[in-house]
Amino acid sequence: MGIEVQDVSKHYGSFHAVDQVSLSIKTDSLVALLGPSGSGKSTLLRMIAGLEQPDAGRIALLGRDATYTAVQKRNIGFVFQHYALFKHLTIRQNIAFALELRKASKALIRERVEELLSLIQLQGLGDRYPAQLSGGQRQRVALARALAVQPQVLLLDEPFGALDAKVRKELRAWLRHLHEEVSVTTVFVTHDQEEAMEVADEIVVMNKGKVEQVGTATEIYDHPASAFVMSFIGPVNVVPARSGILPRNGNKVLDSDRVFLRPHDIDIELTASPEVVPARVDRVVHLGWEVIVEVRLESGELVTANLSRDRFNQLQLRSEQPIYIKPKSLKTFPAYAVN
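Note that this is a predicted model, so its numbers are computed, not measured.

Caption draft 1: View of the environment of serine 134. Within the secondary structure, serine 134 sits in the loop between α3 (106-119) and α4 (135-147). Among the residues examined, serine 134 registers a relative accessible area of 38% and is labelled partly exposed. The spatial distance from the C-alpha of serine 134 to the C-alpha of valine 18 is 35 Å, given a sequence separation of 116 residues.

Caption draft 2: Quick look at the packing of aromatic side chains. Applying the stated criterion to the full structure yields 4 aromatic pairs. Here phenylalanine 78 and phenylalanine 80 contribute two aromatic rings whose centre-to-centre distance is 4.7 Å and whose plane-to-plane angle is 45°, an arrangement assigned as tilted. Assessed through its relative accessible area of 36%, phenylalanine 80 is described here as partly exposed. Consider the rings of phenylalanine 260 and phenylalanine 333, whose centres lie 5.2 Å apart with planes at 85°: the pair is edge-to-face. Residue phenylalanine 260 is located in strand β12 (residues 258-261), and its partner phenylalanine 333 is located in the segment after β17 (322-327); the two are separated by 73 residues in the primary sequence. Both residues of the pair, phenylalanine 260 and phenylalanine 333, belong to the buried class.

Caption draft 3: The packing of α4 against helix α5 (residues 165-182), seen in detail. Here α4 crosses α5 at 20°, and the two axes come no closer than 11 Å. When the axes of α4 and α5 are compared, the pair comes out roughly parallel. For the crossing formed where α4 meets α5, the hand is right-handed. Only Val167, Leu171, Trp174, Leu178 and Val182 of α5 make contact with α4, whose side of the interface consists of Gly136, Gln139, Arg140, Leu143 and Leu147. Here the contact of α4 with α5 is built from residues that sort into 7 nonpolar, 2 polar and 1 charged.

Calculation criteria
- Residues numbered from 1 in each chain as written.
- Predicted model: local features only at pLDDT ≥ 70, side-chain atom pairs only at ≥ 80, totals over all residues.
- Heavy atoms only, no water.
- Helix = DSSP H or I, 4+ residues; strand = E, 2+ residues; numbered from the N terminus.
- Buried < 20%, exposed > 50% of the residue type's maximum accessible area, 1.4 Å probe, protein only.
- Phe/Tyr/Trp six-rings, centres within 6.5 Å; stacked < 30°, edge-to-face > 60°.
- Axes fitted to C-alpha atoms, helices over the stretch in contact; angles between N-to-C directions.
- Parallel < 35°, antiparallel > 145°, perpendicular 65-115°, else oblique.
- Left-handed = near helix turned anticlockwise from the far one by under 90°.
- Contact = heavy atoms within 4.5 Å.
- Nonpolar A, V, L, I, M, F, W, Y, C, P; charged D, E, K, R; others polar.

What follows is the structure, encoded as structure tokens:
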């Protein structure tokens, strides 16, 4: 395994930032630590890096116990959200910095820097200063600097959080491609579900200092282990079981007082049948590639359905129109808690 975390805890007074977390990360994999603010993901990343010491538990890197190993001896590359580039150094000097500290030969440094400039697609810009680059370019330089010493583990803390949406999306694809090029065990922290699902081989969903679920994007989205995971990963309607969301001829026995269903798992019909539930169109939102229909049940609960443009054009829905909804898939969880 690339990284082994065993029963690791970190407390700040009475606050349990990380609470008995165990986790295995495969060598050369790309893993996302995903969760809301305060879930413990950044604290866990910093303990793996050696920037924080755990109060209990053990951390191993590539089979070696590194729980109390100094940061500089862990052979880890770390990338922060806000680049942390040296403003007074050129891009080439920023990338070379760690190699110079290790007293590598000038020939090796020159070769490695040019190789990395090519890898991050900034050939010819090595003599510029950070202020002369865009935010996306600066973040690529930060990644190149972290990779310069050929670390065994690469850690990224919200690496795209300071960038606008368009640049973030471009860098996601670039990071995935970069990982395939360099093959280094990589862990990145994010609160962006789409980012984690698009980039990572595996996602670790965290909440209140604990791991809620580990799996691929498909596993976590289609088979959430808890109400929190289903509520956090992707859009979802959460309605009381007594709201009438189940068809009247349904015989499903509920073990929860809440029903969870995705907007794309709701179909809309114009005629009554035993499999549908009466409702009324509350609002229609056109997004171009799809249409969001807000629907009010007879109980007063509001649910959202996502329709393709073709399906919406077939139905020709309008506000206040009586309709029927048909849940194609729904889930319940015995211990309902999303906070």
